[in-house]
Amino acid sequence: MLILTYKKTFSLWLLLAAALLFPCAVQADITIKDSQREITFNETPTRVATLSWELAEDVIELGVTPLVVPEIKAYQEWVAKPAMPSSTMEIGNRAEPNIELLAQLKPDVILISDTLKSLRPRLERIAPVVFFDTYRADHNNAKQADWTFLTIAKLLNKTDMANKKLAERDRVLMALKAQLNSAFPNGVPPVTSIRFASTTSAYVYGHNSMPQYALDLLGIKSALSLPTSQWGIHQQRLKKLKAVENGIVLYFKPFYQEQKLQASRLWQAMPFVINKQTASVESTWTYGGAMSLKYLAEALTAALLTVAP
């Protein structure tokens with residue numbers, strides 16, 4: 001009887017020691033709330049399918065390689081940062097991903113944004129779907145991008161890394177702001193950022209756009225007052241930009257008709273062109289995730305320094 005009791009006690013000690021030595025063996029459920037509902041996972045997903053660029057950015061920033069991303073070649077040209085891992089596979093068009101290929105790849109989770117919201121029931125036949133409507137007219141897109149980033153971090157067991165990334169972003173923004181204040185001792189003039197649609201029209205970034213949030217964080221006011229919209233953009237005829245009389249206009253690359261634009265009389269007649277208060281901004285995604293604010297602030301600062309007095 002004494003021997004049996006000893007054995008039972010010894011076994012319990014072995015179980016306790018194993019639990020202390022190998023805590024990863026005990027996996028708790030992960031419950032997150034996306035933009036529609038609460039979802040519980042039995043374990044951390046590792047095969048993560050991302051069907052929009054801003055969600056792919058978030059996953060890459062958290063040190064996880066997305067299983068698939070749509071339009072990778074275009075991502076490398078228009079988004080650029082963070083760099084797309086070489087092992088990530090192409091899954092087709094952002095609006096029409098290759099669902100048959102996705103099913104064959106057997107992801108643990110599929111991340112989607114508003115563009116594919118109607119496909120959620122069909123995609124859920126393949127794997128659990130997590131949906132984020134980060135860009136809306138009735139909320140602050142920059143704050144929502146941070147919430148999306150932290151929610152994905154919880155799902156992927158990367159919350160500590162996410163918080164460090166956000167803290168580092170704040171430090172970079174403060175350093176950039178100090179750099180601009182030094183370069184513009186009389187204050188940075190109001191700035192308007194745009195992306196050309198053609199040589200005669202442009203998408204102007206206003207309230208609720210990520211470029212304007214980046215400028216706000218740098219302490220820079222907008223040179224044009226525009227109403228809030230889902231993406232914070234407003235398509236305008238180029239001649240409307242004449243209203244930016246004493247401000248700076250920055251335009252995002254790529255723009256393949258740049259030389260033709262700069263040779264046009266309309267562009268040359270703009271007050272900010274005459275005053276040499278315009279510059280291009282390196283390719284940076286203007287509809288991105290939480291860390292895109294840092295990349296936008298870095299790119300906008302670099303452009304502003306080229307027109308500093």
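Located above this text is the structure these notes cover.
Just so it is clear, the model here is predicted, and its values are computed rather than measured.

Enquirer: Help me understand the overall build of the protein chain, please; the structure alone is not making it clear to me.
Expert: If you tally the helices and strands in the protein chain, you get 12 helices and 12 strands. Considered along the principal axes of its C-alpha atoms, the protein chain spans approximately 100 × 45 × 35 Å. Considering the protein chain as a whole, with its 309 residues, one finds that 48% of them fall into the buried category. The long-range fraction of contacts in the protein chain, counting pairs at least 24 apart against all pairs at least 6 apart in sequence, stands at 62%.

Enquirer: Even after reading the chapter, I still don't get the packing of aromatic side chains, so can you show me in this structure?
Expert: Two measures describe an aromatic ring pair: the distance that separates the ring centres and the angle between the ring planes. Using the criterion set out here, one finds 13 aromatic pairs in the structure. Between the aromatic rings of Tyr205 and Phe252, the centroid separation amounts to 5.8 Å while the plane-to-plane angle is 85 degrees, which identifies the pairing as edge-to-face. Of this pair, Tyr205 sits in strand β9 (residues 201-205) while Phe252 sits in strand β11 (residues 248-252); the two residues are 47 residues apart in sequence, bridging distant segments of the chain. Just as Tyr205 is buried, Phe252 falls in that class too. Where Trp285 meets Tyr287, the ring centres are 5.2 Å apart and the plane angle is 80 degrees; that geometry is what we call edge-to-face. A relative accessible area of 11% places Trp285 in the buried class. One aromatic cluster in this structure is built from Trp53, Tyr75, Tyr135, Tyr205, Trp231, Phe252, Trp285 and Tyr287. In this structure, Arg94 packs its charged tip against the face of Trp53, placed 3.7 Å from the ring centre.

Enquirer: Would you mind showing me how to read the pairing of strand β6 (residues 109-113) here?
Expert: Side-chain positions along a regular strand alternate between the two faces of the sheet. The buried fraction of β6 amounts to five of the five residues, a majority that puts the element mostly inside the structure. Taking every second residue as pointing to the same face, both faces of β6 are buried, with Val109, Leu111 and Ser113 on one and Ile110 and Ile112 on the other. Pairing of strand β3 (residues 48-50) with β6 involves three bridges; the strand directions are parallel. Across the sheet, the residue bridging to Ala49 is Ile110, located in β6. Sheet analysis places β6 next to strand β7 (residues 129-132), joined by four bridges and oriented parallel. Across the sheet, the residue bridging to Ser113 is Phe132, located in β7.

Enquirer: Please explain a positive patch on the surface as it appears in this structure.
Expert: A cluster of basic residues, Arg237, Lys239, Lys240 and Lys242, forms a positive patch on the protein surface. With respect to the helices and strands, the residue Lys242 is situated in the loop between β10 (233-237) and β11. Of the residues examined, Lys242 reaches a relative accessible area of 42% and is grouped as partly exposed.

Enquirer: Can you walk me through the sheet that holds β11 in this structure?
Expert: Paired through their backbone hydrogen bonds, the strands of a sheet run either parallel or antiparallel. Across the sheet, five strands lie side by side as β10-β9-β8-β11-β12; this open sheet has mixed pairing. Two strands lie at the open edges of the sheet, namely β10 and β12 (278-281), each paired on one side alone. Going from strand to strand, the sheet's axes swing by 35 degrees on average, the running direction of each strand aside. Pairing geometry for β9 and β10, over five bridges, is antiparallel. By the bridge assignment for β10, Tyr205 is matched with Ile233. In this fold helix α8 (residues 210-217) packs onto β8 (191-196), β9 and β11, with an angle of close to 155 degrees to the strand it touches most, β8.

Enquirer: How should helix α6 (residues 141-155) be read in this particular structure?
Expert: Two residues of an α-helix separated by three or four positions point the same way, owing to the 3.6 residues in each turn. An ideal rise of 1.5 Å per residue puts 21 Å on 15 residues; α6 measures up with 21 Å between its terminal C-alpha atoms. Most of α6 sits inside the fold, with 11 of its 15 residues counted as buried. The complete set of buried residues in α6 reads Asn141, Ala142, Gln144, Ala145, Asp146, Thr148, Phe149, Thr151, Ile152, Ala153 and Leu155. Capping the start of α6 is the job of one residue whose side-chain oxygen sits 3.0 Å from the backbone nitrogen of Ala142: Asn140. At the C-terminal side of α6, Asn157 shows a positive phi close to 60 degrees.

Enquirer: Teacher, can you tell me more about the pairing of strand β2 (residues 38-41) here?
Expert: Of the two faces of β2, only one is covered, namely that formed by Ile39 and Phe41; the face formed by Glu38 and Thr40 stays uncovered. With four bridges joining them, strand β1 (residues 30-33) and β2 adopt antiparallel strand pairing. Looking across to β2, one finds that Ile30 is bridged to Phe41. Taking the residues between adjacent antiparallel strands as the criterion, β1 and β2 are bridged by four residues.

Enquirer: Is there a simple way to explain the nonpolar core in this structure?
Expert: For soluble globular proteins, the rule of thumb is that nonpolar side chains tend to be buried together. Counting residues in hydrophobic clusters, the biggest one holds 40 residues, and the most contacted among them are Met210, Leu250, Leu300 and Leu304. Looking at this core element by element, the count peaks at seven residues for helix α12 (residues 292-305). Beyond its immediate chain neighbours, meaning those up to four positions away, Leu300 contacts Pro211, Ala214, Leu215, Leu250, Phe252 and Val281. With 23 residues, the next largest nonpolar core counts Leu55, Val109, Ala290 and Tyr295 among its residues.

What counts and how
- Residues numbered from 1 in each chain as written.
- Predicted model: local features only at pLDDT ≥ 70, side-chain atom pairs only at ≥ 80, totals over all residues.
- Heavy atoms only, no water.
- Helix = DSSP H or I, 4+ residues; strand = E, 2+ residues; numbered from the N terminus.
- Buried < 20%, exposed > 50% of the residue type's maximum accessible area, 1.4 Å probe, protein only.
- Contact = heavy atoms within 4.5 Å.
- Phe/Tyr/Trp six-rings, centres within 6.5 Å; stacked < 30°, edge-to-face > 60°.
- Lys NZ or Arg CZ within 6 Å of the ring centre and 35° of its normal.
- Pairing = 2+ DSSP bridges.
- Patch = residues over 30% accessible without salt bridge, like charges linked within 9 Å, V, L, I, M, F, W, Y side chains within 5 Å.
- Areas by Shrake-Rupley, 256 points an atom, 1.4 Å probe, with all protein chains shown as cover.
- Salt bridge = Lys/Arg side-chain N within 4 Å of Asp/Glu carboxyl O.
- Lys, Arg positive; Asp, Glu negative; His and termini not counted.
- Charge placed at Lys NZ, Arg CZ, Asp CG, Glu CD.
- Axes fitted to C-alpha atoms, helices over the stretch in contact; angles between N-to-C directions.
- Expected span 1.5 Å × (residues − 1).
- Polar contact = N/O pair within 3.5 Å; in protein donor to acceptor, adjacent residues only side chain to side chain.
- Core = buried A, V, L, I, M, F, W, Y, C linked by side-chain atoms within 4.5 Å.

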